[in-house]
Amino acid sequence: MKYLLLPFLIFAASSLLAQSQRPNVILIYTDDQGSIDMNCYGAKDLTTPNMDALSKRGVRFTQFYSAAPVCSPSRAGLLTGKIPQRAGLAGNASSDKGHAWMPAEQITMAEMLHGAGYATAHFGKWHLGYTPETMLNGQGFDYSFGHMGGCIDNYSHFFYWNGPNRHDLWQNGEEIFRDGEFFPNLMVDEASRFIEEHQEEPFFLYWAINTPHYPLQGEEKWRQHYKDLPSPRREYAAFVSTADEKIGELVAKVDELGIRENTIIILMSDHGHSTEERTFGGGGNTGPYRGAKFSLFEGGIRVPTIISWPGQLPENEVREQMGVGVDWYPTIAELCHVSLNQPDLDGSSLVPMIKSADAKTPHDTFHWASGRAQWVVRQGDWKLIGNPYDPTDKAPIPEDQKYFLVNLSEDISEMNNLAEQHPEKVKQMEKLHQDWAQQLPQH
């Protein structure tokens, strides 16, 4: 009998060894953070030492994109490795209870890693569904703590966008009340506890931090620090630095437990900064880029992004190749030695270009589509926007202007429309868009 059991015991032992050697993953997804709003991306008026420290101990991307210029579809793309349209959520999900949005049959990053033996947890914002099967515990997460809708007040934990006010704080699918406690602190406490409890096994922690999304409720020390900046930059900056401090606290917990060199940390914004009235009309900084949240100009989708895994990946290096949020799914799978078994992903592994500045981007062509009938084809340095929209109004866009063509290598600001000068290029790229759109699921 013992000889019959031997192959099984060898297999079990090797499986346990492989599992113990798999790295932890902490995926930090900030909310409405502007394209250059870290010191390491060029912001001169912000204090972001902890985000910058991740860059020094990792790889910083200068041409990284979200899957969409708004919250829910960008998250759907991140967690499924698919463009939002294929993930079943092309626009923002409702913040009302009882609404199912991203289809439960989608296989999330958490489900993939959970199936490989990872402990999985979410902290922060979800915004992908508000029914039991589409909330966190139905989508591969062992543990969840946070809000299901688009935003909350960080002290009362009520969603107040429009009436009636709705309380929105949940733990494993059950509504809980933590009146008056600062939500960013609660997230750090909960996440730190999860890491401590699972430090002896591989874990996946998705920290969808809800800052610097409105309401802009930076802590007092940061409000004082930025008191001389003009509004709305000072309110926004205070919340960015509050987020930076909380990120530093969580990374310090990883360091304290001695597991930093076995932990991959990815930091990325969900899309560009908001210019909505609730954020005083702005506050974020896109640097040389045009556009903001809701726009498919660069400022709406080009986001600060860093990956750090000391001792395993390059440190203090920059990558200029193009990457997209959907790429993290297969990238994490490769780094964690987890089988994908999914043929319909839109993302591709970024491991080669993370490891080498000479590697090519996996995307010769990429497509986006968003509200207001906007769409984009990116082919090499050429970018064609259909039905362009810019909430920053850096330059007026005529109402009848259907196409906006730019070569990003020559005009990163996207201020000069080349559509009339290159009609054949417009025609060729529009055909790419039409062919792509015809392949999308019809809902």
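Residues numbered from 1 in each chain as written. Predicted model: local features only at pLDDT ≥ 70, side-chain atom pairs only at ≥ 80, totals over all residues. Heavy atoms only, no water.

**Digging into the overall build of the protein chain**
For the protein chain, the count of helices and strands is 12 helices and 16 strands. Compactness check: the protein chain gives a C-alpha radius of gyration of 22 Å against a globular reference of 22 Å for 443 residues, within 12% of the reference. Its C-alpha atoms put the protein chain at 80 × 50 × 45 Å along the principal axes. Expressed as a percentage of the 443 residues in the protein chain, the buried residues total 59%. Taking all contacts inside the protein chain whose residues are at least 6 apart in sequence as the whole, residues at least 24 apart take part in 69%. Here the protein chain has roughly 17700 Å² of accessible surface; of this, 51% comes from carbon and sulfur atoms. Of the side chains in the protein chain, 37 bear a positive and 57 a negative charge, and the two mean positions are spaced by 3 Å. (Helix = DSSP H or I, 4+ residues; strand = E, 2+ residues; numbered from the N terminus. Rg over C-alpha atoms; globule rule 2.2 N^0.38 Å. Buried < 20%, exposed > 50% of the residue type's maximum accessible area, 1.4 Å probe, protein only. Contact = heavy atoms within 4.5 Å. Areas by Shrake-Rupley, 256 points an atom, 1.4 Å probe, with all protein chains shown as cover. Lys, Arg positive; Asp, Glu negative; His and termini not counted. Charge placed at Lys NZ, Arg CZ, Asp CG, Glu CD.)

**Digging into the pairing of strand β3 (residues 119-125)**
With 7 of 7 residues buried, β3 lies mostly within the body of the structure. Relative to strand β9 (residues 203-208), β3 is paired through 6 bridges, and the arrangement is parallel. Its bridge partner being in β9, Gly-124 is matched across the sheet by Ala-208. In the sheet, β3 pairs with strand β4 (residues 143-147) via 5 bridges, with the strands oriented parallel. Looking at β4, one finds that Gly-124 is bridged to Gly-146. (Pairing = 2+ DSSP bridges.)

**What about the sheet that holds strand β10 (residues 263-269)?**
Taken together, 10 strands build an open sheet; the order of strands is β8-β7-β4-β3-β9-β1-β10-β11-β2-β12 and the sheet is mixed. Edge strands, defined here as strands with exactly one partner in the open sheet, are β8 (174-175) and β12 (317-324). Strands β1 (24-30), β9 and β10 of the sheet are contacted by helix α8 (residues 233-256), whose axis makes an angle of about 175 degrees with β1. Set on the sheet, helix α10 (residues 328-335) makes contact with β1, β2 (59-65), β10, β11 (305-308) and β12; between it and β10 the angle comes to about 170 degrees. (Axes fitted to C-alpha atoms, helices over the stretch in contact; angles between N-to-C directions.)

**Overview of the packing of helix α6 (residues 183-197) against α8**
Running from N to C, α6 and α8 cross one another at 15 degrees; their axes reach a closest spacing of 10 Å. In terms of their interaxial angle, α6 and α8 are classed as roughly parallel. α6 and α8 meet at a crossing whose hand is right-handed. The segment α6 lies against α8, with Pro-184, Asn-185, Val-188, Ala-191, Ser-192, Ile-195 and Glu-196 engaging Lys-246, Glu-249, Leu-250, Lys-253 and Val-254. (Parallel < 35°, antiparallel > 145°, perpendicular 65-115°, else oblique. Left-handed = near helix turned anticlockwise from the far one by under 90°.)

**A closer look at the sheet that holds strand β14 (residues 375-379)**
Pairing within the open sheet is antiparallel, and its 4 strands lie in the order β13-β14-β15-β16. Looking along the sheet, the strands with just one partner apiece sit at the ends: β13 (365-369) and β16 (403-407). Put simply, the sheet's adjacent strands are angled 10 degrees from each other on average, direction ignored. Sheet contacts for helix α12 (residues 423-438): β13, β14, β15 (382-386) and β16; angle to β14, the most-contacted strand, approximately 115 degrees.

**Considering the environment of Gln-428**
Turning to its location among the elements, Gln-428 is positioned in helix α12. Residue class for Gln-428 comes out partly exposed when judged on its relative accessible area of 33%.

**Some remarks on α10**
Judged by how many residues are buried, α10 sits mostly within the fold: 7 of 8 residues are covered. His-337 occupies a position one or two residues after α10 and carries a positive phi of about 60 degrees.

**Section: the packing of helix α2 (residues 49-56) against α8**
The geometry of α2 relative to α8 is characterised by a closest axis approach of 7 Å and an angle of 55 degrees between their N-to-C directions. What the angle tells us is that α2 and α8 run oblique. Contacts from Pro-49, Asn-50, Met-51 and Leu-54 of α2 reach α8 at Val-240, Asp-244, Glu-245, Ile-247, Gly-248 and Val-251. Residue composition of the contact of α2 with α8, by class: 6 nonpolar, 2 polar and 2 charged. (Nonpolar A, V, L, I, M, F, W, Y, C, P; charged D, E, K, R; others polar.)

**Here we look at the pairing of β9**
Burial analysis of β9 places 6 of its 6 residues in the buried class, which makes it a mostly covered element. Of the two faces of β9, both are covered, the one formed by Phe-203, Leu-205 and Trp-207 as well as the one formed by Phe-204, Tyr-206 and Ala-208. Across 4 bridges, the pairing between β1 and β9 is parallel. Bridge pairing in β9 links Ile-28 to Trp-207.

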